[in-house]
Amino acid sequence: MFFRPSVRLVVATTASLSLTPSLFAQELELEETVVVASRLEEEESISRASSSSTISAEDILQTGATNLTDAFKYEPGVSIPFDFAGTDGLIPYLSGGDSGINIRGLEGNRISIDVDGIRQPDDFISKSFEGSGGPGRIYFDPATFAQVELHKSAANSSTSSDALGGAVSGRTESALTLLGPELEGFALRDSVTFSSVNESIHNRLATALGNGRAAASVLYSYRQGQERRNNSFYPANPADFESDAVVATLNWRPSDDALLTATADFYRARSFVDVNSAEGDTGQGIFNTLLTSDDLRERLRFSLDLELTAPTPLYDSLKTTAYWQRAEAATDNVQQGVAFGGLRDYLNDIDYQTEISGLQLQATKEISRHQLSYGIEGSYSQVESSFFRTQRFASGGSIVQDLIGMAPSEVIRGGLFVKDRVRFGANDEFEITPAVRLDHYSVDPENTAAFLSQSNGQEAAAFDNFSISPSLSLAYHVTDQVSIFGSWAQGTRNPSAEELNGVFSHTDTFITVPNPDLSEERSNSFELGLDYSSDLFNSKLTGYYNLYSDFLENGVLLVDNPPGTPDELTTVNRGEVEIYGLEFSADWNLGEQFSFLEGLTVGGSLSWSEGHADDGEGSGDEPLNSIEPWKSVAYLAYHSPSEKWGSTLTATYAAAKDLSDIDDSDGTDFLPADSWLTLDLTAYYQLSENVRLRGGISNLLDEDYILWATARRGTGHGGNGLPNSFYTQPGRAFFLSCDLTF
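This is a predicted model, so every value here is computed, not measured. (Residues numbered from 1 in each chain as written. Predicted model: local features only at pLDDT ≥ 70, side-chain atom pairs only at ≥ 80, totals over all residues. Heavy atoms only, no water.)

1. Brief notes about the overall build of the protein
Assigned secondary structure in the protein consists of 9 helices and 36 strands. In the protein, once contacts between residues fewer than 6 apart in sequence are set aside, the share between residues at least 24 apart is 69%. Of the roughly 30,700 Å² of accessible surface on the protein, a fraction of 57% belongs to carbon and sulfur atoms. (Helix = DSSP H or I, 4+ residues; strand = E, 2+ residues; numbered from the N terminus. Contact = heavy atoms within 4.5 Å. Areas by Shrake-Rupley, 256 points an atom, 1.4 Å probe, with all protein chains shown as cover.)

Printed below as a string of structure tokens:
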């Protein structure tokens, strides 16, 4: 273990115990985090008449989640692709960790991810293998969020145009969420959690203080632990990790109808992996004696928000945001051994950087039965990566190679959206919401000497595109409890700067080169649903059908050269994808219907998808590997009438992923995944007014199972991947947590 014992956990806990309400004239009791939205945010909030949903901070704490996979594991239609470092001894620098978010079969850069409305960096794939092992897109700790919004289609017009398959929006804690809209009083909540699954400690400290006109808040989340123990004879690679996340806000209300908010948001995660799984004979001329991976992921953001709620002829509410953000993902990888009869001692230093600054404006205006929303945004980004390989010799000398992975690029985005939510009918029971989004996107690359050296002199391609994305949503509120809804939306995703001008030279075998003729990906998404909501019973049934065209495909053969001359590969638009499925969720408050069952609730969800892809080369439809097997979740929960204690038992079943559902047409050796069933038990006990104990046992049955979202990403180079047993999920494990609230 390379991390020394940290004092930060002790400092945070001591601070939480010393900052008591006695410091203030008036006590303020805060049992749970309160999510407060402005009038503008209320317009964009989760509606019954859609397939969107939210996950609160309380939900994440209650399950004892140690990562994003745990936080979303009960959400229908959502999975978290996870990459293990060391899945391929031939590509030792592949990184591990949560790589992104999969919504209904789409993932990577096809999902829009933002934190407080500010886009997160694109993934980089030129140094990955089959999309696995890149830096991913998770530059945040979910513990910093007051809530997470999930939009499962491209129908939300105010979302970035990159939301081809949906959007994930994290809303961080602030004085507004901790104190409420009055911004008055004092609040403190400290939660300390131990999880046996990776021997980790997590401390989440949130506090806020306000006098009605001015307020300040700080949230600090600290994690330290080891590798996740799998339930297999094939042990996980030894690992240590540590992360810090801080969100600080200052609020000032100069008048009753204006609010100014300054936010500083910092995240830093470090991990070290001893990559035992890739050591030994690869079977292809390389024998690794030592492989290690030292990874860093860091993001810093500053933003300034101004919200105005005094109605004018142009708006009823207006929010303007100016921001700057810098994100970096770096890997230091050591590879030692024998390669093709000679000694090999490599130090690979890989770095990805994205810096963005921008301005956003969003407004609402209500005119009779029309609720208008409109907005404009612009951003400027600098995107670059570096790859320096130091080859060290036994004599003590060394040489450094510059293996740059893309042309450094400037990216400019501009967008405008307009949405009109119209209510009509005798009781406003009908809703129709037409919307349109206009986007301009350009990439201006720099042809540096390092890039031209890697691309064999082929210059990087500039890109400029204008797109229009319309949508239409309909809703019929049959009664106060029953609603029918439907939507159609067109989505757009432009190629990233790296997809346009990524380069990878593989000795004398192949070289990837830019393609100046790329165009955007397009989608047409359709949804139809039924929602029932009452104090007794809630349920929602949604069916969807999505068509995608001009999918970007990497590594396509462009020039087949004779032996001794590298083949030329590139990225092209050629794929068409069809995805359809059903999602169902329900909750039944038994105590509301039967008095002798007071406190009992049952519920669950079901998600099923099918997907097919056509590469346009005459091979016909093939199964889409990013589609998850169908999954169902059922739970039984009890909360005592006094709210003194409660417990939840959750069962999760996932179907098998058979060979007939897997596309191996490109020669990738995917292994099928068996069906599985797990039981999780969580409970809480309110020890006193200010102290709550939580605990839970996951995988009560000690089930031996793998997640398809992980197993499909570790097949390895040339069949050099690891067996499915390496990807086995943890067996029976527990967590314990203590919450202090003032």
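The structure having been displayed, the exposition proceeds.
2. Here's the deal with the nonpolar core
Ranked by size, the top nonpolar core spans 29 residues in total, and within it F72, I101 and I579 carry the most contacts. Among the elements of the structure, α4 (68–71), β6 (112–115), β8 (145–151), β28 (537–559) and β29 (567–589) are those that each provide at least two residues to this core. When neighbours within four sequence positions are excluded, F72 is seen to be in contact with I55, V78, I80, V148 and L150. Membership of the second largest hydrophobic core comes to 18 residues, among which are F124, A327, L403 and L552. (Core = buried A, V, L, I, M, F, W, Y, C linked by side-chain atoms within 4.5 Å. Buried < 20%, exposed > 50% of the residue type's maximum accessible area, 1.4 Å probe, protein only.)

3. Quick notes on the packing of aromatic side chains
Enumeration over the complete set of coordinates arrives at 15 aromatic pairs. Between F140 and F145 the ring centres are 5.3 Å apart and the planes differ by 45°, which places this aromatic pair in the tilted class. Each of the two residues, F140 as well as F145, counts as buried. Aromatic rings pair up to connect F424, F430 and Y476 into one cluster. The ring of Y544 carries the charged tip of R104 above its face, separated from the ring centre by 3.9 Å. (Phe/Tyr/Trp six-rings, centres within 6.5 Å; stacked < 30°, edge-to-face > 60°. Lys NZ or Arg CZ within 6 Å of the ring centre and 35° of its normal.)

4. Observations concerning the side chain of R694
Relative to the elements of secondary structure, R694 occurs in strand β35 (residues 691–698). One polar contact links R694 to E58, side chain to side chain, over a distance of 2.9 Å. In terms of polar contacts, R694 uses its side chain to reach the side chain of Q62, at 2.5 Å. Non-local contacts of R694, meaning those with residues more than four positions away in its chain, are made with E58, L61, Q62, R189, A683, Y684, F735, L736, S737 and D739. (Polar contact = N/O pair within 3.5 Å; in protein donor to acceptor, adjacent residues only side chain to side chain.)

5. Let's talk about the pairing of strand β21 (residues 409–424)
The pairing of strand β19 (residues 370–392) with β21 spans 14 bridges and is classified as antiparallel. Note that in β21 the partner of I376 across the bridge is L416. Here 14 bridges tie β21 to strand β22 (residues 430–445), and the two strands are oriented antiparallel to one another. Within β22, the position partnered with F424 by the bridge is F430. (Pairing = 2+ DSSP bridges.)

6. Digging into the pattern of salt bridges
Inspection of the entire model under this criterion finds 34 salt bridges. For R110, the salt bridge identified is with E521, shortest N-O distance 2.7 Å. Taken together, the positions of R110 in the loop between β5 (102–103) and β6 and E521 in strand β27 (residues 521–533) put the pair 411 residues apart, joining distant regions of the chain. When sorted by exposure, R110 lands in the same class as E521, which is buried. (Salt bridge = Lys/Arg side-chain N within 4 Å of Asp/Glu carboxyl O.)

7. Here's the deal with the sheet that holds strand β1 (residues 53–56)
Sheet strands pair via backbone hydrogen bonds, and the direction of the pair is either parallel or antiparallel. What the 5 strands build is an open sheet, ordered β1-β8-β9-β6-β7; its pairing is mixed. Each edge of the open sheet carries a strand with a single partner, namely β1 and β7 (118–119). Here 6 bridges tie β8 to strand β9 (residues 167–172), and the two strands are oriented antiparallel to one another. Each residue of the ladder has a partner; that of Q147, found in β9, is R171.

8. Comments concerning unusual backbone geometry
The residue E199 is not glycine, and still its phi comes out positive at about 50°. Along the chain, E199 turns up in the loop between β10 (184–195) and β11 (200–211). Looking at E199, the relative accessible area reads 37%, which means it is partly exposed.

9. A short note on the environment of V478
The topology assignment puts V478 in the loop between β23 (463–477) and β24 (482–493). On the basis of relative accessibility, which here comes to 38%, the residue V478 falls in the partly exposed class. Along the primary structure V478 and F430 are separated by 48 residues, whereas in three dimensions their C-alpha atoms are 8.6 Å apart. The residues contacting V478, other than those within four sequence positions of it, are S483 and I484.

10. As for the side chain of D123
Among the structural elements, D123 can be located in the loop between β7 and β8. According to the relative accessible area criterion, D123 is buried, its value standing at 9%. A distance of 2.9 Å separates the side chain of D123 from the backbone nitrogen of G136, its partner in a polar contact. Setting aside residues up to four positions removed in sequence, D123 forms contacts with N109, G134, P135, G136, R137 and E498.

11. Description of the confidence of the model for the protein
This prediction gives the protein a mean pLDDT of 84; 85% of its residues lie at or above 70. No element of the protein has a lower mean pLDDT than helix α2 (residues 39–43), at 40, and none a higher one than strand β12 (residues 214–226), at 96. Scored below 50 in pLDDT, residues 1–46 makes 100 contacts in the model with residues more than four places away or belonging to other chains. Ignoring residues within four places in sequence, the model shows residues 716–720, a span with pLDDT below 50, making 18 contacts including any to other chains. (pLDDT = per-residue confidence, 0-100.)

12. Side note on the pairing of strand β14 (residues 258–274)
On a regular strand, one side chain projects to one face of the sheet and the next to the other, so that they alternate. As defined by bridge partners, strand β13 (residues 239–255) adjoins β14 across 15 bridges and the pair is classed as antiparallel. Of the residues in β14, the one forming a bridge with W252 is L260. From the end of β13 to the start of β14, which pair antiparallel, there are 2 residues. Looking at chain direction, β14 and strand β16 (residues 286–308) are connected through 17 bridges and run antiparallel. Residue pairing for β16: D274 is matched across the bridge by T292.

13. Some words on the environment of Q454
Within the element layout of this structure, Q454 appears in helix α6 (residues 449–454). Measuring from C-alpha to C-alpha, the distance between Q454 and F504 comes to 7.1 Å, with 50 residues separating the pair along the chain. Here Q454 is in contact with D402, L403, I404, V503, S505 and I511, once residues within four sequence places are set aside.

14. Let's talk about the environment of G486
Inspection of the secondary structure assignment puts G486 in strand β24. For G486, a relative accessible area of 14% puts it in the buried group. As a C-alpha pair, G486 and S473 span 13 residues in sequence and 5.8 Å in three-dimensional space. Not counting chain neighbours up to four residues away, the residues in contact with G486 comprise L472, S473, L474, E527 and L528.

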